[in-house]
Amino acid sequence: MNLFEFCYGIIHWLVDLVNNLWYRLGDVLPWYFGDFFTGVGDFAASDSHLSFMTILLESIIIILVALINVLNFLWIFRKISGRILDFYGPYYVGYRIGGWLQNLADGIKLFLKEIIVPTKADKLGFFLAPIIFVGSSLLILSVIPLSENFGLSTNSSGEYVPAGALFALAAFSIAPFAILLAGWSSNNKYTLIGGMRSAAQMMSYEIPLILCAASVFLLAGSFNFVDIVDAQRDIWFFVPMFIGFVVFLVCLIAEVEIVPFDLPEAEAELVEGWTTEYGGMRFGLFYMTTAIRSYAGGALATALFLGGWQGPSLIPDEIWFLIKAYIVYTVFMWLTWSVPRIRIDQMLGLGWRRLLPLAVLNLLIAAVLKTGGWF
Amino acid sequence: MAEMWINMGPQHPMTHGLWNLRVKVDGETIVDAEPEVGYLHRGIEKICEGLTYPQIIPIADRLCYGSSFTWSHLYCLTAEDLMDVEVPERAEYIRVMAIEMQRIASHLMWLAAYAGDLGLSVGFTNAMRDREVFIDLLQGLAGSRLTYNYPRIGGVAHDLPPNFERDALRTVRYMEQRLKEYEDLFDNSKIFMMRNVGIGILRKEDGIDLGVTGPSLRASGASYDLRKDMPYSVYPEIDFNVATHKDGDCYARYRVRMDEMWECCSIIRQALKKMPKGKWRVVAPRNAPASTGLGRVEDPRGEAVMYVVGDGSDKPYRLKIRSPIFVTLSAAPKILVGYKLADVVVIMGGLDMCLGENDR
């Protein structure tokens, strides 16, 4: 049973339940009410309404699962930073589960804080930026399937969003606009510079990222996550396209803005960069969204290069997928805490002069492999 | 893009204290810079005029929390010069040893802050942890962690605690292992080299003209170290090299401080070996003659000078402090202009700011 069938069952059962009462209500009422009731009930039981509600429920389940994973990611982030930097990390809140509840406690604390808007800020932009940022990041998660059966599918045979991978990458690149908007509307010099840096950074790192993904699409012959993972049944794509894998990871680090490339929020020179003026839960949302994007990045790398949910069938597919995503994230963290921050011009130079040619080379390798008939 | 002024401070992660660096940027490039200091002025020179000579020692400690021992030692040197007090040799060796420990602790704190500025979190926590080892050692010696109040006019407060020599040698051995690790961590890091080499170049002539001293000047190729050039205490009897570097960039400043830590380890070893038995303190007179005293030492940050005028009473008439970092800061516009905004933290971090002594 896949997620679609599961949700369809629930929705169908709910609609039947409601319709039973509904029709009975229609029976006791005069005929002109009864007609209306029957019409509404028929609409509720119609196939288009049922699939719409199913997809809605599916999305909610997927996002909830993803958010729980994000809590794990935040916990891993703090625990691993503790291991590397010589302190414990979260410890007392949720003592028996390794301080796992600390993030929830922090979230509650941030909810209770006052929301401060600078007097001279552009109120609309200031208000919209976090919404776009968080929303676009959640959008990425909606299309990433955890396994063949656990993902946003559009019909009962388990067919997925046709261009899911492309959609995920597109959603990934909405964030710079939100960051630029936040940086501009805060009316602060640090945020302005942070926003500009972010735009420059994302622009130059998006291209190698997409080129690496494009070589995967080329080999798999599809934009669909399930087809891509199926294509890796014999060999995971990171083996033939190792260069692409490394370039992809580097670009992902730049996309999620963690340390070697966290220039938009370089705390040493720009205080908190483009998030400087955001306090309270808005800051909390940004903090959480970094983890969401890290999760999305890890999941993308897993699906595109590391064979997705494939692995010995001792453990369920979903768990395999998550384990791989967690490992990718752990590697990110390991890098983050052990290298210094790079400078913006050096970073752009790295993006355009090193990563872009490597990505093109990788695309060439993929094309050769494809035309040679090995894939 | 239009040029704009950015205030980096007084409350800013880059400042490591309380000061304001105004930089004028054109896009990301710095076209002008202007340091503003004075936010931490506590009137220490004036406070000292109302205190008796021994009471000033803890105040001198408060000049810089990073290297407080150097400052109280400097004050004691100055007062001894004023009162013509002869310090026992054992006390001199204890002081030299403690100063070098303080120098390592101060340089490690600098290294931690520098790594933090660069975003290298692991460097920050490791250097701070190793600094703690030396802080513990000095705590065993003096009784408190940061402001020691250990030297006295005419010696030191008390003799070495039991087993101190063993602990000190162990710590030095540990430190030498750790220094190798730091060199692995920093010098082998490509990004660290990218951020440091060729950044914030201070030419030797400019450094001398602006009065820059200490590691910042030695990194520009000038071999100027008061421990060698104007020896005080028992430094003439100790064999050590002055760490210099010819490039004058941020990497050179980092390198000079690392080399100095190696030298400090060797000096601590020699001081412990050559330390004679005997008295560690002589009683200093209560009142100073109507005369002047001058002390000059090599602080971890440069040349620190203290000048005291006595008027025959038990309080100084005037006490003047020359802070090395105050003078070094005047070189900031010179070494900042032309680099990127992100280089500000590296360049200013490389100077090892300490605002306590700067604003006094």
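Shown above is the structure to which this text applies.
Since the structure is predicted, the reported quantities are computational estimates derived from the model, not experimental observations. (Residues numbered from 1 in each chain as written. Chains lettered and ligands numbered in written order. Predicted model: local features only at pLDDT ≥ 70, side-chain atom pairs only at ≥ 80, totals over all residues. Heavy atoms only, no water.)

Student: I tried to follow the pattern of salt bridges on my own but got confused; where do I start?
Tutor: Charged atoms that come close allow side chains of opposite charge to pair. Counting across every chain of the model gives 32 salt bridges over all chains. Ionic pairing is found between D345 of chain A and R343 of chain A, a salt bridge with its closest N-O pair at 2.8 Å. E132 of chain B is paired through a salt bridge with R145 of chain B; the nearest N and O atoms lie 2.4 Å apart. With E132 of chain B in helix α5 (residues 121-142) and R145 of chain B in the loop between α5 and β4 (151-152), the pair connects residues that are 13 residues apart, well separated along the chain. Note on R145 of chain B: relative accessible area 35%, which makes it partly exposed. A cluster of three or more residues bridged by salt bridges with shared partners is formed by E100, R103, R218, D225, R227, E260 and E298 of chain B. (Salt bridge = Lys/Arg side-chain N within 4 Å of Asp/Glu carboxyl O. Helix = DSSP H or I, 4+ residues; strand = E, 2+ residues; numbered from the N terminus. Buried < 20%, exposed > 50% of the residue type's maximum accessible area, 1.4 Å probe, protein only.)

Student: I tried to follow unusual backbone geometry on my own but got confused; where do I start?
Tutor: Backbone geometry follows two general trends: most residues other than glycine have a negative phi, and most peptide bonds adopt the trans configuration. Residues and elements named next belong to chain B. Positive phi is not limited to glycine here, since N163 has a value of about 65°. Within the element layout of this structure, N163 appears in the loop between β5 (155-156) and α6 (164-187). Even without glycine at this site, R360 takes up a positive phi of about 55°. Summarising the element assignment, R360 is placed in the segment after α15 (355-359).

Student: It is not clear to me how the sheet that holds strand β6 (residues 292-299) of chain B should be interpreted in this structure. Could you clarify?
Tutor: Sheet strands pair by backbone hydrogen bonding; their relative direction is either parallel or antiparallel. All names here are of chain B. Spatially, the three strands line up as an open sheet ordered β6-β7-β8, and their pairing is antiparallel. In this open sheet, the two edge strands, each paired with only one partner strand, are β6 and β8 (316-322). With direction set aside, neighbouring strand axes in the sheet form an average angle of 10°. Summarising the sheet, strand β7 (residues 302-310) and β8 pair through six bridges and their orientation is antiparallel. Bridge assignment links G310 to a residue of β8, and that residue is P316. On top of the sheet, helix α3 (residues 68-83) reaches β6, β7 and β8; it is set at about 150° to β6, its chief contact. (Pairing = 2+ DSSP bridges. Axes fitted to C-alpha atoms, helices over the stretch in contact; angles between N-to-C directions. Contact = heavy atoms within 4.5 Å.)

Student: What am I meant to see in the side chain of R195 of chain B here?
Tutor: Relative to the assigned elements, R195 of chain B resides in helix α7 (residues 190-196). Of the buried charged residues, R195 of chain B lacks a salt bridge, with D343 of chain B as the closest side chain of opposite charge at 4.3 Å. From its side chain, R195 of chain B meets the backbone oxygen of A342 of chain B in a polar contact 2.9 Å long. If we ignore the near neighbours within four places in the chain, the residues touching R195 of chain B are R341, I342, R343 and Q346 of chain A together with L118, A342, D343, V345 and V346 of chain B. (Lys, Arg positive; Asp, Glu negative; His and termini not counted. Polar contact = N/O pair within 3.5 Å; in protein donor to acceptor, adjacent residues only side chain to side chain.)

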